[in-house]
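Spelled out, the chains give:
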Amino acid sequence: MAYKYSKVSSCYEELSKTKRYWYELLSKVQVNTPLESANILLNGWAAYQTVVSRLWSKTGYHQSGGAIGFRDQLQDTIGIKYLDMDFMRNQIMIQARHQFIEGDALHWWHEATGRGIRTRFSDDLLWLVYVVCEYVNFTGDYTILEEQASYVTGEELPDGIDEKYDLYPEGEIKESIYMHCVRAIDKSLKFGENGLPKIGSGDWNDGMNTVGNKGKGESIWLGFFLYDILTKWINVMESKGRSREKF
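In this report, the structure presented in the accompanying data block is examined. (Residues numbered from 1 in each chain as written. Predicted model: local features only at pLDDT ≥ 70, side-chain atom pairs only at ≥ 80, totals over all residues. Heavy atoms only, no water.)

So, on to the side chain of Glu-134. Note that Glu-134 resides in helix α5 (residues 124–139). Note on Glu-134: relative accessible area 17%, which makes it buried. Those residues within four positions of Glu-134 in sequence are excluded, and the remaining contacts are Ile-78, Lys-81 and Met-88. (Helix = DSSP H or I, 4+ residues; strand = E, 2+ residues; numbered from the N terminus. Buried < 20%, exposed > 50% of the residue type's maximum accessible area, 1.4 Å probe, protein only. Contact = heavy atoms within 4.5 Å.)

Quick look at the structure:
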């Protein structure tokens, strides 16, 4: 490798390949607004940062830990689906392999060590379902529902413990992405005294981490999110020939 790039001609060739890759990817979507700064942001820069900083480097202006966030990187793929759907499909498979068979998922983890944090966050697991619905609705490709993925294993959090950082190894059980989503939904159907879903140790707003960590607090936001997901999931179920009653 060092010898190859000791040649200036090889460096120029690689630079040309790199520029061509980014031009072909980022030029797929172009917008024109009266505001030039918006054009610069939208025509390449934002998508480039999403791929390079978020998906590849797992970093950002406010978060440079190098970890993969269960919800974060799934969300990142939503905006770049117009450029390349493989980003979304690949991320779905990666995140599914970091879900527990109980339905919840690692909040974040480092690929190099395999270590991550299990929490009581109530929204993480649902982002898998949301993005799977986004993928099949956008592409019409339902084959991803049959793709097999393993689970990570570990002891469930005992009462009074909101999170635990540990090594969570891959288990032997593999199931379809469809079943991964079903387990996530099942885990989410916990409602409080007002009929709203329980917030756990936080929903999409991480700052709400003590609202429901004692098992009572509820989330209006999570109610909207869950309702939207269930509405979309009905179509997925019907595509597999399953009625609403069977779920």
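Having seen it, we continue.
What follows is about the packing of helix α4 (residues 86–96) against α5. In contact at an axis separation of 10 Å, α4 and α5 are set at 150° when each is read in the N-to-C sense. When the axes of α4 and α5 are compared, the pair comes out roughly antiparallel. For α4 against α5, the interelement crossing comes out left-handed. Residues Met-88, Arg-89, Ile-92 and Ala-96 of α4 pack against Leu-128, Val-131, Val-132, Glu-134 and Tyr-135 of α5. Split into classes, the residues belonging to the contact of α4 with α5 amount to seven nonpolar, no polar and two charged. (Axes fitted to C-alpha atoms, helices over the stretch in contact; angles between N-to-C directions. Parallel < 35°, antiparallel > 145°, perpendicular 65-115°, else oblique. Left-handed = near helix turned anticlockwise from the far one by under 90°. Nonpolar A, V, L, I, M, F, W, Y, C, P; charged D, E, K, R; others polar.)

Take the state of the cysteines next. In this structure the tally under the stated criterion is zero disulfides. Cys-133 forms no disulfide, and the closest cysteine sulfur to it belongs to Cys-181, at a distance of 6.8 Å. Residue Cys-133 is classed as buried on the basis of its relative accessible area of 1%. (Disulfide = S-S within 2.5 Å.)

A few words now on helix α2 (residues 36–56). Between the first and last C-alpha of α2 there are 28 Å, a value that for 21 residues agrees with the 30 Å anticipated at 1.5 Å per step. Of all bends in α2, the biggest is about 45°, found at Leu-42. Among the residues making up α2, those that are buried are Ala-38, Asn-39, Gly-44, Ala-47, Thr-50, Val-51, Ser-53, Arg-54 and Leu-55. Tucked inside the fold, the buried residues of α2 contact α1 (8–26), α3 (70–79) and α4. Directly beyond the C-terminal end of α2, a positive phi value near 55° is found at Lys-58. (Expected span 1.5 Å × (residues − 1). Bend = angle between axes of the 7 residues up to and from the residue.)

This paragraph deals with the nonpolar core. Grouped together as the largest cluster of nonpolar side chains are 42 residues, with contacts concentrated most on Ile-92, Leu-128, Val-129, Val-132, Ile-177 and Trp-233. Within the residue set of this core, elements represented by two or more residues are α3, α4, β2 (106–109), α5, β4 (148–152), α6 (177–188) and α7 (220–239). Broken down by element, this core gets its largest block of residues, 11 residues, from α5. Among the nonpolar cores identified, the runner-up in size contains nine residues, and Trp-22, Leu-26, Leu-55 and Ile-80 belong to it. (Core = buried A, V, L, I, M, F, W, Y, C linked by side-chain atoms within 4.5 Å.)

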